[in-house]
Amino acid sequence: MKQTILFFALLILTSCGVQKVPLNELHTLEPVKLYENSNDFLNKQPMEKEFGILVKDKSDQHITTKGIFDLKTGEKSKNGISAWAIEYNNNHYFNLGYSTDVNHWGSYAKFDIEGKYCAIIIDENSPYILKSTSQTYGGGLAGSLIAESLKWGKNWKDEEGNKKRILFIDTEDIHNKMMSRNESAHGNYFTKKQFKKILDETGTVLTDEKIKEIEFHRIIELIKSANEK
C-alpha cells in the first residue's frame, strides 16, 4: 500500500513538472540505459550514468515516459530526452523524436531489426502513437520531404494479407545536430531510394515491375541480409 501511494505521489509531481525525484522514491523508477547517438548504439556504448524512467504508457512495441532521471541523485536528466535510443528490460527502443514521419518526443519504439540498418515494423494492431505524428506540415521543403517519403512503400501486405509499414534507419546516413537531436541517423518510412541501396549491397537485381510487386517478407529478408555484409 505504501509503495502504491509513493508511486502515485511521484506520478503527480512529475506531471506537474518536478525536476527532481526524492531519494526515498527512486525505487519507483524503472532502470534504463541511454545511448546518446546512433554511433554509440551501434558500438554498444551506453552513457555512463545510471538512469531510470517513469513510464506513462507502454505496449509490446513502445514506451512513453514522463521523464528520465538520474538514479543516484534523483535529478531529471537534461540530456535524457535527446538520447537516440534506450535499453529497457533487455530490449532496445528508438527515440521517436528522431523521426519526422512518426514524431513523438518522450516515446520510444522497439526495434524489430538492429544493425547498420534498423527497422521498426508497424501494422494495424500497433499502438496509435506508432501510426501518427505530433507534427503538422504544410508546403515548403519539410512538406515535400514528407511527401517524398510516402510516395513509395507506404505499406505492404504480408502473407496473411495484413498491411505493414517499415520505419527504417540507415545508420550511415548521419544528420547534423539540430535543436534537441544529437548528430545521428533518423528514422522514417522506408523509401524507394533506400530500398535500391539495399538491393545494391545484397547484389539483388530486380526490375521496376518486380520492385512494385515485392512482398513484405522479402523486403525484411533483404534488410537482414544487407546487415550481414
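Predicted, not measured: the structure shown is a model, and the values here were computed from it. (Residues numbered from 1 in each chain as written. Predicted model: local features only at pLDDT ≥ 70, side-chain atom pairs only at ≥ 80, totals over all residues. Heavy atoms only, no water.)

(A) Quick peek at the overall build of the protein chain. Counting secondary structure elements, the protein chain contains six helices and ten strands. Out of the 229 residues belonging to the protein chain, those deemed buried represent 46%. In the structure as shown, the protein chain presents an accessible area of about 12700 Å², 49% of it carried by carbon and sulfur atoms. (Helix = DSSP H or I, 4+ residues; strand = E, 2+ residues; numbered from the N terminus. Buried < 20%, exposed > 50% of the residue type's maximum accessible area, 1.4 Å probe, protein only. Areas by Shrake-Rupley, 256 points an atom, 1.4 Å probe, with all protein chains shown as cover.)

(B) A look at the packing of helix α4 (residues 192-202) against helix α6 (residues 216-227). The N-to-C vectors of α4 and α6 enclose an angle of 60°; their axes lie 9 Å apart at closest approach. By the criterion of interaxial angle, the relationship of α4 to α6 is oblique. α6 is crossed by α4, and the crossing has left-handed handedness. Between α4 and α6, the contacting residues are Phe-195, Ile-198, Leu-199, Glu-201 and Thr-202 on the first element and Ile-219, Leu-222, Ile-223, Ser-225 and Ala-226 on the second. Residues that form the contact of α4 with α6 fall into these classes: seven nonpolar, two polar and one charged. (Axes fitted to C-alpha atoms, helices over the stretch in contact; angles between N-to-C directions. Parallel < 35°, antiparallel > 145°, perpendicular 65-115°, else oblique. Left-handed = near helix turned anticlockwise from the far one by under 90°. Contact = heavy atoms within 4.5 Å. Nonpolar A, V, L, I, M, F, W, Y, C, P; charged D, E, K, R; others polar.)

(C) Seen up close, α6. In a regular helix each residue adds 1.5 Å, so twelve residues correspond to 16 Å; α6 covers 17 Å between its end C-alpha atoms and thus fits that length. Considering only its buried residues, α6 is in contact with β7 (117-123), β8 (156-157), β9 (163-175) and α4. (Expected span 1.5 Å × (residues − 1).)

All quantities given are derived from atomic positions and should not be read as evidence of function.
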